[in-house]
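So you can see what is in the structure, the chains are spelled out below.
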Amino acid sequence: MLEKELIQSRGFKNVSQGGKVIGFQVPFRTSYYRGVWLSLLKPATVTVDGEKFEGAQITWTIGGKTYAQADLAKYSDVNWPYLEPAILTVSKPGGLKLGIHEVELTYSYVASYIPPDMDSKRLVTSKRKMVLAG
Amino acid sequence: MTITRKQFLQVAAGAATLAALSSSSVKAAAKGKPKRGVSLYSYTGDFGVTMTLEDCLADMCDMNAEGLEILANTHIDGYPNPSEAWINNWHALMAKYKIKPVEYGHWVDSRLHPGRELDAKESYAMLARDIKLANRLGFTVMRTKLGVIDDTLTPVKNWREFIKMALPDAQKNNVRMCPEIHAPTRLKSKMIDDYVEFIEKEKTTPWFGLNIDFGVFQNKPRRDRRSQEMGSARPFEPLDKADDMIPLLPYVHVCHAKFWDMTDELEEATIPYDEVIAMLTKNGWDGYMLSEYEGPRDLGAASDQLRKQHVMMKRLLGEA
């Protein structure tokens with residue numbers, strides 16, 4: 001099951017490659033009430049204790065596949081399932097220190113049935129005090 | 001627009017079944033009254049957090065709410081290609097909880113590709129895929145959400161073109177495509193005139209019609225917390241009256257029983273349900289009213305609010 005908050009605790013951790021910590025992961029559930037095609041997503045930003053990450057520093061993993069933020073627009077036939085948290089992997093050599101962090105996430109999505117002007121102004125922001133345990 | 005009762009019944013019954021109706025069954029249909037159901041959208045605050053799909057269906061079953069609406073992109077695992085196992089389990093769940101799949105909510109995502117709108121062929125492809133899946137799951141109506149181009153929710157310019165392309169698919173798969181008429185759209189408006197003109201000119205009944213969201217009948221300011229947060233408490237002007245819907249009834253295949261705020265007196269605080277249900281009953285409209293709770297998404301709120309709303313509707317329908 002999902003946690004009620006957008007940013008999910010399970011899966012919040014540092015990630016290693018070749019024995020080195022290369023960054024950390026922030027899983028989050030969609031704030032939208034439906035699953036969406038990846039091309040409807042707009043890039044995310046992640047801010048941890050005031051340090052902001054964006055653009056190519058972040059990748060999205062959905063359905064076991066990893067996408068560069070700039071490539072999301074190409075995947076109009078891949079669905080982000082409603083019940084599956086997307087995993088944002090943030091590049092940060094050395095990762096985060098174990099302990100408590102203030103994590104803030106922003107992203108957005110396109111909803112074609114909302115007036116265009118209002119739709120383009122949407123920005124979803126979610127903040128949560130997170131505990132990094134590994 | 002004035003129509004006779006006979007004309008109304010003919011249109012409402014639908015071209016496909018009309019030939020089979022004897023005069024006695026037409027008389028029986030006149031005694032029809034609205035039926036109750038639930039849109040699983042109502043459970044947005046709980047679904048996947050404290051409630052599974054089966055929990056939602058069990059909750060509906062408690063209220064004897066027979067008709068079901070799902071949101072395809074939300075409630076179908078593996079959408080748009082669910083597994084055979086999932087589909088088999090789906091039909092088993094419908095039987096177990098005595099639930100009838102009524103409305104399949106889906107979207108024509110006209111802004112799917114950044115910087116341009118879908119052309120008619122692309123929109124049709126999206127529609128055709130959902131029409132087939134809706135039929136496989138047993139649905140007979142679709143809430144066909146169209147993209148819009150302005151603040152008054154005018155649909156995309158090519159909607160007539162791709163809806164016409166999809167009409168044979170809808171007929172073949174026994175599903176009725178219905179855009180939702182939702183506030184701020186008014187029942188007396190150019191948008192409604194355009195839909196009605198299209199329905200009559202292209203003879204789309206019953207394969208393309210309307211879903212009326214009862215939010216259009218809101219006549220008091222909302223008090224619920226969600227309305228304050230979203231800054232959308234006041235009713236839209238001019239107020240729509242229940243009787244304003246009568247001319248549209250031949251084209252209405254389903255309604256969203258929108259609500260935000262059921263009181264402990266078992267009344268909706270902002271929508272005159274007594275007037276709306278009396279109008280539908282008097283006119284023999286026998287489609288499904290699918291509850292759409294859109295108040296605060298606190299855990300457990302939807303179940304509590306739906307139960308109150310269904311007691312109210314049972315009373316108004318003479319079922320309690």
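Residues numbered from 1 in each chain as written. Chains lettered and ligands numbered in written order. Predicted model: local features only at pLDDT ≥ 70, side-chain atom pairs only at ≥ 80, totals over all residues.

**Some words on the overall build of chain B**
Keep this limit in mind: Helix numbers and strand numbers start at the N terminus; a helix is a DSSP run of H or I with at least 4 residues, a strand a run of E with at least 2. The quantity called the radius of gyration is restricted to C-alpha atoms. Its globule counterpart is 2.2 Å times the number of residues to the power 0.38. The exposure label follows from counting other C-beta atoms within 10 Å of a residue's C-beta, where the C-beta atoms are placed from the backbone and the thresholds are 20 or more for buried and 12 or fewer for exposed, leaving partly exposed in between. Residues are defined as contacting one another if the C-beta atoms placed from their backbone atoms lie within 7 Å.
From N to C terminus, chain B includes twelve helices and nine strands. Computed over C-alpha atoms, the radius of gyration of chain B comes to 19 Å, within 12% of the 20 Å expected from 2.2 N^0.38 for 320 residues, which places it in the range of a compact globule. For the C-alpha atoms alone, the extent of chain B along its principal axes is close to 45 × 45 × 40 Å. Burial statistics for chain B: of 320 residues in total, 46% are counted as buried. Counting contacts in chain B only where the partners sit at least 6 residues apart, residues at least 24 apart contribute 82% of the total.

**Some words on the interface of chain A and chain B**
Note the following rule: For this classification, Asp, Glu, Lys and Arg are treated as charged, while Ala, Val, Leu, Ile, Met, Phe, Trp, Tyr, Cys and Pro are nonpolar and the rest, including Gly, are polar.
Of the residues lining the interface, 19 residues belong to chain A; the matching set on chain B comes to 24 residues. Classifying every residue of the side of chain A that touches chain B by side-chain character gives twelve nonpolar, five polar and two charged.

**Some thoughts on the nonpolar core**
The nonpolar side chains of soluble globular proteins are, as a tendency, buried together. This is how the line gets drawn: For this analysis, nonpolar core means a set of buried Ala, Val, Leu, Ile, Met, Phe, Trp, Tyr and Cys residues linked through C-beta atoms within 7 Å.
Val26 and Leu88 of chain A together with Met177 of chain B are the most contacted members of the largest nonpolar core, which totals 109 residues. No other element matches helix 7 (residues 120-136) of chain B, which puts six residues into this core. Contacts of Leu88 of chain A, omitting those with residues within four sequence positions, involve Gln25, Val26, Phe28, Ala44, Val46, Ile58 and Trp60 of chain A.

**Looking at the pairing of strand 1 (residues 35-39) of chain B**
All names here are of chain B. Convention followed: Paired strands, in this sense, are two strands between which DSSP finds at least two bridges. Call a crossover right-handed when, viewed with both strands pointing away from you, the route from the first strand across the helix to the second goes clockwise.
In terms of residue burial, strand 1 counts as a mostly covered element, since four of its five residues are buried. Bridge analysis of strand 1 against strand 9 (residues 288-293) gives four bridges, and the strand direction is parallel. Looking at the pairing, Arg36 lines up with Met289 of strand 9. Bridge count for strand 1 against strand 2 (residues 67-71) is three bridges, and the pairing is parallel. Residue pairing in the sheet places Ser39 in a bridge with Glu69 of strand 2. Between the parallel pair strand 1 and strand 2, the chain is carried across by helix 4 (residues 53-62), and the sense of this crossover is right-handed.

**With respect to the sheet that holds strand 10 (residues 99-109) of chain A**
Backbone hydrogen bonds hold the strands of a sheet together, and the pairing may be parallel or antiparallel. Residues and elements named next belong to chain A. Operational definition: Between the N-to-C directions of two axes lies an angle of 0 to 180 degrees, each axis being a line fitted to C-alpha atoms and, for a helix, fitted only over the stretch in contact.
A sheet is described by the order of its strands in space; here four strands give the open sequence 5-4-10-11, paired in antiparallel fashion. Bordering the open sheet on either side are strand 5 (51-53) and strand 11 (124-132), each of which pairs with just one other strand. The average angle at which neighbouring strand axes cross in this sheet is 20°, direction not considered. Two elements, strand 4 (residues 41-48) and strand 5, share three bridges in a ladder whose sense is antiparallel. Paired with Val48 across the bridge in strand 5 is Glu51.

**Things to note about the pairing of strand 4 (residues 141-145) of chain B**
Residue and element names in this part refer to chain B. The element strand 4 is extensively covered by neighbouring structure, given that five of its five residues are classed as buried. Here strand 4 shows a buried face lined by Val141, Arg143 and Lys145 and a second buried face lined by Met142 and Thr144. As defined by bridge partners, strand 3 (residues 100-107) adjoins strand 4 across five bridges and the pair is classed as parallel. Each residue of the ladder has a partner; that of His106, found in strand 4, is Thr144.

**With respect to the confidence of the model for chain B**
Residues and elements named next belong to chain B. The criterion, for reference: For every residue, the predictor reports its confidence as pLDDT, a number between 0 and 100.
Chain-level pLDDT for chain B is 92 on average; 90% of the residues reach the 70-or-more range. Contacts for the low-pLDDT stretch residues 1-29, under 50 throughout, to residues beyond four places or in other chains number 22 contacts. Both scores are given for the predicted complex: the pTM is 0.92, the ipTM 0.96.

**Points about the environment of Arg34 of chain A**
Tracing the chain through its elements places Arg34 of chain A in the loop between strand 2 (20-28) and strand 3 (36-37). What makes Arg34 of chain A buried here is the crowd of 23 C-beta atoms within 10 Å. Each C-alpha atom, one on Arg34 of chain A and one on Thr61 of chain A, is 18 Å from the other, the two residues being 27 residues apart in sequence. When residues no more than four places from it in sequence are discounted, the contact partners of Arg34 of chain A are Tyr82 of chain A together with Leu71, Asn73 and Thr74 of chain B.

**Some thoughts on unusual backbone geometry**
Each neighbour pair has its own omega, and for Ala183 of chain B with Pro184 of chain B the value is 10°, a cis peptide bond. Within the secondary structure layout, Pro184 of chain B lies in the loop between strand 6 (180-181) and helix 9 (190-201). In the segment running from Thr205 of chain B into Pro206 of chain B, the intervening peptide bond is cis, with an omega of 0°. Mapped onto the fold, Pro206 of chain B is located in the loop between helix 9 and strand 7 (210-213). Positive phi outside glycine occurs at Asp49 of chain A, with the angle close to 50°.

**Here we look at the sheet that holds strand 9 (residues 86-91) of chain A**
All names here are of chain A. Spatially, five strands are ordered 1-2-9-6-7 in an open sheet, and the strand pairing comes out antiparallel. Among the strands making up the open sheet, the edge pair consists of strand 1 (13-17) and strand 7 (65-68). Here the average twist between neighbouring strands, direction ignored, is 35°. In terms of strand pairing, strand 1 meets strand 2 through five bridges, oriented antiparallel. Looking at strand 2, one finds that Ser16 is bridged to Val21.

**Regarding the environment of Met191 of chain B**
Residue and element names in this part refer to chain B. Relative to the assigned elements, Met191 resides in helix 9. Owing to 17 C-beta atoms within 10 Å, Met191 belongs among the partly exposed residues under this scheme. Along the backbone, Met191 and Ile181 are ten residues apart, and their C-alpha atoms lie at a distance of 9.1 Å. Setting aside residues no more than four positions away along its own chain, Met191 makes contact with Thr154 and Thr185.

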